[in-house]
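# Residue-level structure breakdown
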Amino acid sequence: DANQGVQAQTVSNFYQAFANNLEIIPVINKIDLPNADPEGVREQLFTLFEIEPDKCFLVSAKLGTGVLQLLDAVVEHVPPPPSNSRESPLQIFLFDSWFDKYKGAVNMVQINQGILTESCQIVSCKTNKEYGIKDMGLLTPEQEEFPALYPGQVGYITCNMKTAKEAVIGDTFYLKNNPQPPLMEIEACKPMLFAGIYPLNPSEYKDLRGAIEKLCLNDASVSVSNESSPALGSGWRLGFLGVLHMEVFSQRLEQEYNAEVILTNPSVPYKLVIKGEKNIKELGRIKMVQNPSDWPENVKVEKFMEPMVSATIITPADYLSPLLELCNERRGEQISIVNIDQTRLSMQYKFPLNEIATDFFDALKALSSGYASFDYEDAGYEESNLVKLEVKLNGDTVEELSSIVHASKAVSKGKMIVGRLVEELPRQQFAIAVQAAIGKKILARGDLKALRKDVTAKCYGGDISRKMKLLKFQAEGKKRMRSIGNVSISKDTFVNILSNKR
């Protein structure tokens, strides 16, 4: 981007392409903007990636400047896909798919060897299911039917796949009765972030279920499991690849299906190493926990491990100080800070995923006036001091409000939750003690005073003992009500506390 320079995503994508030995064509776009600085961006590319300035293409997609030269460079420098003999046994590689409500699953494939025709019966290496070709062709860029596809060509096919889940990315298809080895083994995506999703109105449960199923047809990386809550009703626990993935999915639900949903605060998968033969038999040596309600007692766990990410932040140098404070506040471990040019910095940090899963990106943009960019990738698991923070109302634990936090942040988070509960909870006929605790240790407390009727209003003058007697009767009644009464938490209160809205 000639206006904003190299972004964090640019760095991540470059190294991924470089690691896979792909041809890289440097392009600087938006050169028509008034504040564009293509020469400065060329200097940044040379500093970060050692790309020679004269090899960068200057392009304005809006005005069409440099587009023809770029397309010619793509043809010249990007090698064509390898093609084998037409006489070899058929081998098809599937690399993308989407769902069409009329045709079913539409698959994007590359013909590795052999010839694919409409009379072919193909078999999947992953599922061993057999399919007949109904339609196939090329994208030009619209779908255009062709009677056959040849080695090296990339096209689309439709067959009798009823769901897009049968189309496994990275799958290999071969001709029936002529099996071939898979071309590539691609591991299934592992969710890195989990959140509960519930309909705002329980009567919309079926509609929301249909909307989630339709979205998952086009996004197989989302994991779905049923979940229920005494306060929020029936819902689902969804697994996402990251923060952006979760936000895009929830926005698509709202915009494409007009679904009003409650999205709870996201949690990450923790890895627990269990100790003791009896406990290992019950829970296994390694236990993965995504929901605080499944957290075992601390005496059963040998060590706690949380997921980490390697993050890249690219920012103007003027905002270095506040961003360093933000990173330290989120338990970030500094790896390096490099000057890209005279005005921009590249910051490499290692963060716990839990610390950037909620509002880190918003805070980053606010502190940098929107100029900083952020990207991250998985960095495995590391041992950590984790605890389960419970919220209690009059001594009863509310599981929906429990969370897993680092021990160093337990007190501050406990005070925050207690403060919000005291603000949000409606007052009852009896006093309510709101507590945040780790096991039996109370970290924070707030008291919600009881609604009180003025029982002495009917006493006009007279002996003070009469008023004291009425107040004593009221206090005894409040005490009895507190011992048998239940704290009722409205759904609106849970929405305000559990949802991502601040």
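Above this text is the structure in question.
Conventions adopted
Residues numbered from 1 in each chain as written. Predicted model: local features only at pLDDT ≥ 70, side-chain atom pairs only at ≥ 80, totals over all residues. Heavy atoms only, no water. Helix = DSSP H or I, 4+ residues; strand = E, 2+ residues; numbered from the N terminus. Buried < 20%, exposed > 50% of the residue type's maximum accessible area, 1.4 Å probe, protein only. Contact = heavy atoms within 4.5 Å. Areas by Shrake-Rupley, 256 points an atom, 1.4 Å probe, with all protein chains shown as cover. Pairing = 2+ DSSP bridges. Axes fitted to C-alpha atoms, helices over the stretch in contact; angles between N-to-C directions. Salt bridge = Lys/Arg side-chain N within 4 Å of Asp/Glu carboxyl O. Phe/Tyr/Trp six-rings, centres within 6.5 Å; stacked < 30°, edge-to-face > 60°. Lys NZ or Arg CZ within 6 Å of the ring centre and 35° of its normal. 1 Å grid on protein atoms, 1.4 Å probe; cavity = no way out; pocket = protein on both sides within 12 Å on 5 of 7 lines; lining within 4 Å. Points joined across faces, edges and corners; volume = space filled by probe spheres on them. Nonpolar A, V, L, I, M, F, W, Y, C, P; charged D, E, K, R; others polar.

Let us look at the overall build of the chain. When its secondary structure is counted, the chain shows 12 helices and 26 strands. The buried share among the 502 residues of the chain stands at 43%. Long-range pairs, those at least 24 residues apart, make up 66% of the contacts in the chain between residues at least 6 apart in sequence. Element-wise, carbon and sulfur atoms account for 51% of the exposed surface of the chain, whose accessible area totals about 27900 Å².

Here the focus is the sheet that holds strand 13 (residues 223-229). In space, the 4 strands of this open sheet follow the order 13-14-12-15, with antiparallel pairing throughout. Taken across any chain shown, the strands that pair with only one partner, and hence form the sheet edges, are strand 13 and strand 15 (261-263). When the angles between neighbouring strand axes are averaged without regard to direction, this sheet yields 30°. The sheet contact formed by strand 12 (residues 193-199) and strand 15 spans 3 bridges and is antiparallel. The residue of strand 15 that forms the bridge with Pro 199 is Val 261.

The final tally for this structure, using the stated rule, is 14 salt bridges. Between Asp 135 and Lys 103 there is a salt bridge; the shortest N-O distance is 3.6 Å. Of the two residues, Asp 135 is situated in strand 7 (residues 130-139) and Lys 103 in the loop between strand 3 (91-100) and strand 4 (104-113); the sequence distance between them amounts to 32 residues. In this structure Lys 103 comes out as partly exposed when scored by relative accessible area, which is 39%. With its nearest N and O atoms 4.0 Å apart, the salt bridge here joins Lys 300 to Glu 282.

In this structure, the amide linkage connecting Thr 140 to the following residue, Pro 141, adopts the cis form with an omega of -5°. Structurally, the position occupied by Pro 141 is in the loop between strand 7 and strand 8 (143-145). One non-glycine residue, Ser 369, lies in positive phi territory at about 60°. Topologically, Ser 369 is positioned in the loop between helix 9 (360-367) and strand 21 (373-384). Within the chain, Asn 394 stands out as a residue other than glycine whose phi angle is a positive 55°. Within the secondary structure, Asn 394 sits in the loop between strand 22 (386-393) and strand 23 (396-397).

Between two aromatic rings, the relevant description is the distance of the centres plus the angle of the planes. Using the criterion set out here, one finds 14 aromatic pairs in the structure. Taking 5.3 Å as the distance between ring centres and 80° as the angle between the ring planes, the aromatic pair formed by Phe 14 and Tyr 15 counts as edge-to-face. Consider the rings of Tyr 205 and Trp 236, whose centres lie 4.8 Å apart with planes at 10°: the pair is stacked. Residue Tyr 205 is found in helix 4 (residues 205-218), and its partner Trp 236 is found in strand 14 (residues 233-240); the two are separated by 31 residues along the sequence. Three or more aromatic residues link up through ring pairs in this structure, and these residues are Tyr 349, Phe 351, Phe 360, Phe 374 and Tyr 376. A cation over an aromatic ring shows up here: Lys 271 above the ring of Tyr 381, its NZ or CZ 4.6 Å from the ring centre.

The topology assignment puts Glu 355 in helix 8 (residues 353-356). Ignoring any residue separated from it by four or fewer positions in sequence, one finds Glu 355 in contact with Arg 330, Arg 331, Phe 360 and Lys 409.

The next thing to look at is the environment of Gly 170. Position of Gly 170 relative to the elements: it lies in the loop between strand 10 (154-159) and strand 11 (172-175). Given the relative accessible area of 1%, Gly 170 is considered buried. Spatially, the C-alpha atom of Gly 170 lies 9.1 Å from that of Lys 126, the residues being 44 residues apart in sequence. Setting aside residues up to four positions removed in sequence, Gly 170 forms contacts with Phe 93, Leu 94, Met 184 and Ile 186.

In the case of a regular strand, side chains alternate between the two sheet surfaces. Of all the 16 residues making up strand 18 (residues 301-316), 13 are buried; the element is thus mostly covered by neighbouring parts of the structure. In terms of strand pairing, strand 16 (residues 270-274) meets strand 18 through 4 bridges, oriented antiparallel. Residue pairing across strands places Leu 272 opposite Phe 304, the latter belonging to strand 18. The pairing of strand 18 with strand 21 spans 10 bridges and is classified as antiparallel.

Attention shifts here to the layout of surface pockets. Counted as a void, the second largest pocket has a volume near 890 Å³. Looking at the second largest pocket, it is lined by 30 residues, and the ones nearest its centre are Leu 241, Gly 242, Val 243, Tyr 376 and Glu 377. Ranked by residue count, the leading element in the lining of the second largest pocket is strand 21, at 6 residues. Split by residue class, the lining of the second largest pocket holds 16 nonpolar, 7 polar and 7 charged.

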